[in-house]
Amino acid sequence: MIKTLCLIMIFLCSGIALSGYAQDNSVRISSGEYAPWTSASAPHGGFVNHLISEAFKQKGYTVSFDYLPWKRAYLMAKNGEYQATSFWADTEKEYSEFFYRSLPVMQAKVVFFHLRSKPMRKWEKMTDLKDYRIGTMIGETSTKMLEDAGLKVDNAPKTEHCFKKLLAGRIDIFPLDVLTGLEFLQTQFTVDQADLISYDARPLFETSASLMFPKCMGNSEALVAIFNQGLTILKNEGRYDELYNDLLDGKYRQ
């Protein structure tokens, strides 16, 4: 009887150890919708999330993504409910207070979309935009930048809402990553509707963006190092360039 109990205890302990090991080699990541970079409906979750999965895979890790509103994705990761959050521009000082950053996973160029019939005036600084009705998305880096500059913005939860407001004449300009905006117009609107919209050549900002790991979790620094190692392998082997070419060829289209 005692021998049997010992065997059961050994089995249970082995199971717990194996379970812990499996858990240690899986990463839960919060993300938002920003096709073609990240999207639940895009192939492989979009370019960035595909890249993240491939980088972790190089080091023997599996990844799962939960797609949430951006603000919630950020706050839940900040509170340690996720092991990382994908993906955030390297522009906000607040991020470095609560998160460790990975190596950059993409380069963003955020421009103002507008009706082709109403091109923007030449502008140099954000205060030059005060006479525009500006549409923004909740939780976006550009939204915070504009609000911090004292500009009034018209917030919406989704990209689709902002473009519809633009087409209806309810806003004048709308900041968005250029590839994301063009992808959305090509896939979510008719050709005639998309042709009505253009974008200003001057970017609001250009920045790299990274995967962020919450400082409140004890293993975050180790996960950053593991991810960076995997990403470096992808770049050295040319896999990063392959995935980026797929992005340019439209293979992450929803």
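It should be emphasised that the depicted structure is a prediction, and the values quoted were computed from it without experimental measurement. (Residues numbered from 1 in each chain as written. Predicted model: local features only at pLDDT ≥ 70, side-chain atom pairs only at ≥ 80, totals over all residues. Heavy atoms only, no water.)

### Thoughts on unusual backbone geometry
In step 1: Each neighbour pair has its own omega, and for Ala35 with Pro36 the value is 5°, a cis peptide bond.
In step 2: Relative to the helices and strands, Pro36 is located in the loop between β1 (26–31) and α2 (47–58).
In step 3: With an omega of -5°, the peptide bond between Ser86 and Phe87 qualifies as cis.
In step 4: Its place among the elements puts Phe87 in strand β3 (residues 84–89).
In step 5: The phi dihedral of His44 is positive, around 60°, even though this residue is not glycine.
In step 6: Examined against the element boundaries, His44 turns out to sit in the loop between β1 and α2.
In step 7: Owing to a relative accessible area of 57%, His44 belongs among the exposed residues under this scheme. (Helix = DSSP H or I, 4+ residues; strand = E, 2+ residues; numbered from the N terminus. Buried < 20%, exposed > 50% of the residue type's maximum accessible area, 1.4 Å probe, protein only.)

### A few points about the packing of α2 against helix α10 (residues 239–248)
In step 1: Taken N-terminus to C-terminus, the directions of α2 and α10 make an angle of 160°; their axes are 10 Å apart at the nearest point. The angle between α2 and α10 places the two elements in the roughly antiparallel class. Crossing of α2 against α10: the hand is right-handed. Here Phe47, His50, Leu51 and Glu54 of α2 lie close against α10, whose contacting residues are Arg239, Tyr240, Leu243, Tyr244 and Leu247. (Axes fitted to C-alpha atoms, helices over the stretch in contact; angles between N-to-C directions. Parallel < 35°, antiparallel > 145°, perpendicular 65-115°, else oblique. Left-handed = near helix turned anticlockwise from the far one by under 90°. Contact = heavy atoms within 4.5 Å.)

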